[in-house]
Amino acid sequence: MSVRWAKKQCDVVCAHLGCIIVVGMKPDLMDRLKEYLKNLNLLKTADSRVPWDVYFMHICHMISKRSTCLHRKVGALIVRENRILATGYNQPPSGFPHCDFIGCVRDALAIPSGRNQEVCFGLHAEQNALMQAAKFGIPTQGATIYVTTKPCSVCARLIINAGISRVVYEYDYPDPLTDYFFNACRITVDRITGGEEIES
């Protein structure tokens, strides 16, 4: 194939958007393309799409459906610059039988919700998301974590030390130490419910 032949097969259209290399474009189509680009309005209009926070929270709910916890299914999502870094849901360690198969040790020992969290087969969703990021060498500095349920104070400590700067959740969880840690360490906390942001 000669260079001269190749040049005859290719037309180059230079528009205000840059150079477009067009193969075998007919002159009438080229003219219409030029006119279209000339009149194209690139000014940003109102964005009718679902807001980012709502979008990521919907994904969190989908993630939570993987949980085998018999009481509270939680999903977590770590995001930076609107890109998903890692996900997690509450479940036992990899390779350990799931709670829907062997039963809940907390139920067997009649441990009330919110107490003695160390007596549980499962890791929290936030812990699993952070472990996934660590396992694959993904930095979380300055990221946002979305969680279907507000983190407990144990997870709050981990979130802070992972460098996460913002927490977004939907359902409340009664642990005043979580609020204390987040306030003291200047972590931004937002709550959304039903697709609307509300005061946390």
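In this text, all values refer to a predicted model and were calculated from it rather than measured experimentally.

Caption draft 1: Local environment of the overall build of the protein. The number of helices and strands found in the protein is eight helices and eight strands. Expressed as a percentage of its 200 residues, the buried residues of the protein come to 34%. Sequence-distant contacts, at least 24 apart, represent 49% of the contacts inside the protein between residues at least 6 apart. Accessible surface, the protein: about 13,100 Å² in total, of which carbon and sulfur atoms supply 56%.

Caption draft 2: Representation of the environment of Phe56. Along the chain, Phe56 falls in helix H3 (residues 52-64). Each C-alpha atom of the pair Phe56 and Arg83 lies 9.8 Å from the other, and the pair is 27 residues apart in sequence. Setting aside anything within four residues of it in sequence, one finds Phe56 in contact with Leu77, Val79, Asn82, Ile84 and Tyr146.

Caption draft 3: Inspection of the nonpolar core at higher detail. Counting residues in hydrophobic clusters, the biggest one holds 19 residues, and the most contacted among them are Ile78, Ile145, Ile159, Ile164, Val167 and Phe182. Counting only elements with at least two residues in this core, the list comes to strand S3 (75-80), strand S4 (83-89), helix H6 (125-135), strand S5 (144-149) and helix H7 (153-161). If you tally residues by element for this core, the top one is H6, at four residues. Those residues in contact with Ile164 that lie beyond four places of it in its chain are Ile78, Leu130, Thr140, Ala143, Thr144, Ile145, Ile159 and Ile187.

Caption draft 4: Seen up close, the pairing of strand S7 (residues 188-193). Pairing of strand S6 (residues 166-171) with S7, which is carried by four bridges, proceeds in the parallel orientation. Residue pairing across strands places Arg166 opposite Thr188, the latter belonging to S7. Crossover S6 to S7 through helix H8 (residues 176-184) is right-handed.

Caption draft 5: Inspection of the side chain of Ser153 at higher detail. Within the element layout of this structure, Ser153 appears in helix H7. Ser153 has contacts with Asp175, Leu177, Thr178 and Phe181, leaving out every residue within four places of it along the chain.

Caption draft 6: Expanded view of unusual backbone geometry. Positioned with a positive phi, Ala110 is a non-glycine residue whose angle comes to about 55 degrees. Topologically, Ala110 is positioned in the loop between helix H5 (105-108) and H6. With relative accessibility at 64%, the residue Ala110 sits in the exposed group. The backbone phi angle of Arg186 is positive, close to 60 degrees, even though this residue is not glycine. With respect to the helices and strands, the residue Arg186 is situated in the loop between H8 and S7.

Caption draft 7: A look at the pattern of salt bridges. Scanning the model with the defined rule gives five salt bridges in all. Residues Arg49 and Asp47 are paired through a salt bridge, measuring 2.8 Å at the closest nitrogen-oxygen approach. A relative accessible area of 62% places Arg49 in the exposed class. Note on Asp47: relative accessible area 47%, which makes it partly exposed. Between Asp190 and Arg166 there is a salt bridge, and its shortest N-O distance comes to 2.8 Å. In this pair, Asp190 sits in strand S7 while Arg166 sits in strand S6, placing the two residues 24 residues apart along the sequence. The exposure classification of Asp190 matches that of Arg166, with both residues buried.

What counts, and where the lines are drawn
Residues numbered from 1 in each chain as written. Predicted model: local features only at pLDDT ≥ 70, side-chain atom pairs only at ≥ 80, totals over all residues. Heavy atoms only, no water. Helix = DSSP H or I, 4+ residues; strand = E, 2+ residues; numbered from the N terminus. Buried < 20%, exposed > 50% of the residue type's maximum accessible area, 1.4 Å probe, protein only. Contact = heavy atoms within 4.5 Å. Areas by Shrake-Rupley, 256 points an atom, 1.4 Å probe, with all protein chains shown as cover. Core = buried A, V, L, I, M, F, W, Y, C linked by side-chain atoms within 4.5 Å. Pairing = 2+ DSSP bridges. Right-handed = clockwise from strand over helix to strand, strands pointing away. Salt bridge = Lys/Arg side-chain N within 4 Å of Asp/Glu carboxyl O.

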